[in-house]
Amino acid sequence: MTRHPPSIEDASLRPGDLSPGGVTRSAAPGRVMRADLHVHSYHSGYASHLRFLRARDCYSEPEEVYRVAKSRGMDIVTLTDHDSIDGCLEFLERHPDADDFLISEEIECLVPPWPGVPTGGPPLKVHIGAYGIDERIHREIQPLRANVYEATAYLREQGVFFTLNHLFFFLRRQMTLDAYLHALLPLFAAFEVRNGTMLEAHNTLIEEIVGERARTGQAAIAVGGSDAHTLAGVGTTYTEVRARNRDEFLQNLRAGLSSVGGRHGGTARVMREIYGVVGRYWASLLGLGRQELSWRRRAVGLGFSTLSLPAEFTPALVAVIGKAGERRRIDRFRREWGGAGVGAGVGAKAASVGPRTQGPPEPAGHVELASR
């Protein structure tokens, strides 16, 4: 059955269902624990460009990610590979007693057109971070990825803590900003307000939008993660929660007792990520690291890479152009959000009574999302 976009009233949160802010000075017991909640591994699939080369999106081994995350002060570790939990399962097969590890996933979904809302451009995608899941949930969510409304409804039914990642990453001109925010924000209680590859202006705008939700009494849980595709970025952006163990970390995160810290992104960071992945690809062609390519495909890759050596500046150019485009889009979104009162509209319409989505009542000692 196809699920159509719900009304704002149907999809909204009941004020007070969850804590209304993402940054807290909570009286929750335990110590401050850190987790990078957006990290990729070898199991994140293949790069979308030059598919015939079979270059992976990331070459970091799950155990390498774990080791680096722990060395950088992460108390809880997870992998959020694209539509896959294979990396998590591989790690746990080797370390079944790891009590500081979460099975998680970054789920790519499509936003179906809203009735009466003009759309254009490529299909509009969103990425959802889902935490503390299992093989059954991973398997059952896959057929729902074509419709973000069906996917989020399923995650709510299963009691999964989930987030909307890098809010504006895929938005070009498929729909207006007002329609986009009204379509997506009511579906979520938690938002990635700091992504380690996104510009500070991008992260700040998301934080301000989420902060406005908090001020209107809606759930607005803040999370942060590096979005690392190489080991260099792992643990450089993170979420902090006061807790005593993994289960309490997830419980208090669900309750909104979180803060974010670490680096924002920029052109240099993206360049390092791109060249880091390219370097690991070349190493795989030379027989270093995990091998999955046949000798014929490796020969094709080596030949193409050799012939294209004069153009190896291209990733740097891609990073510069990409970040310039991101900056222009965020500037435009900020003008539209502030100038047209888009934020106020979302706050007013999404404050109505609706079903609980992700967690328990607001805990004591919570303060609203603070500006940084």
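From a predicted model like this one, the values you see are computed outputs, not experimental measurements. (Residues numbered from 1 in each chain as written. Predicted model: local features only at pLDDT ≥ 70, side-chain atom pairs only at ≥ 80, totals over all residues. Heavy atoms only, no water.)

Any chance you could explain the packing of aromatic side chains here in plain terms?
Geometry of an aromatic ring pair is reported as the spacing of the ring centres plus the angle between the planes. The final tally for this structure, using the stated rule, is 9 aromatic pairs. When the centroid spacing of 6.1 Å and the interplanar angle of 70° are considered together, the rings of Tyr42 and Tyr59 count as edge-to-face. Residue Tyr42 is found in the loop between strand S1 (31-35) and helix H2 (62-71), and its partner Tyr59 is found in the loop between S1 and H2; the two are separated by 17 residues along the sequence. Across the pair, Tyr59 and Tyr42 agree in class, each one buried. Ring centres of Phe169 and Phe170 lie 4.8 Å apart, and the angle between their planes is 80°; on these two criteria the pair is classed as edge-to-face. A residue is classified by how much of its surface remains accessible, and Phe169, at 34% relative accessible area, is partly exposed. On the basis of relative accessibility, which here comes to 15%, the residue Phe170 falls in the buried class. An aromatic cluster of at least three residues, connected via ring pairs, comprises Tyr66, Phe91 and Phe101. (Phe/Tyr/Trp six-rings, centres within 6.5 Å; stacked < 30°, edge-to-face > 60°. Helix = DSSP H or I, 4+ residues; strand = E, 2+ residues; numbered from the N terminus. Buried < 20%, exposed > 50% of the residue type's maximum accessible area, 1.4 Å probe, protein only.)

Sorry if this is basic, but what is going on with the pattern of salt bridges here?
Oppositely charged side chains are able to pair whenever their charged atoms sit close together. Tallying each qualifying case throughout the model produces 13 salt bridges. With a shortest N-O distance of 3.4 Å, Asp247 and Arg246 are connected by a salt bridge. The class of Asp247 is exposed, set by a relative accessible area of 54%. Classification of Arg246 by relative accessible area gives partly exposed; the value is 24%. (Salt bridge = Lys/Arg side-chain N within 4 Å of Asp/Glu carboxyl O.)

Looking at this structure, I do not really get the nonpolar core. What am I missing?
Here is a general trend for soluble globular proteins: nonpolar side chains tend to be buried in one another's company. Of all hydrophobic cores here, the largest spans 64 residues; its most connected members are Phe101, Val148, Leu155, Phe168, Tyr180, Leu181 and Leu184. Tallying contributions element by element places helix H6 (residues 177-184) first for this core, with 6 residues. In this structure, Phe168 is in contact with Leu177, Tyr180, Leu181, His202, Leu205, Ile206, Ile209, Ile330 and Phe333, ignoring residues within four places of it in sequence. (Core = buried A, V, L, I, M, F, W, Y, C linked by side-chain atoms within 4.5 Å. Contact = heavy atoms within 4.5 Å.)

Just to check I follow, could you spell out the side chain of Glu240 for this structure?
Locating Glu240 in the fold gives a position in strand S8 (residues 237-243). Polar side-chain contacts of Glu240 include one of 2.7 Å to the side chain of Arg34. If we ignore the near neighbours within four places in the chain, the residues touching Glu240 are Val32, Met33, Arg34, Leu257, Ser258 and Ser259. (Polar contact = N/O pair within 3.5 Å; in protein donor to acceptor, adjacent residues only side chain to side chain.)

Such coordinate-based values are descriptive only and should not be taken to indicate function.
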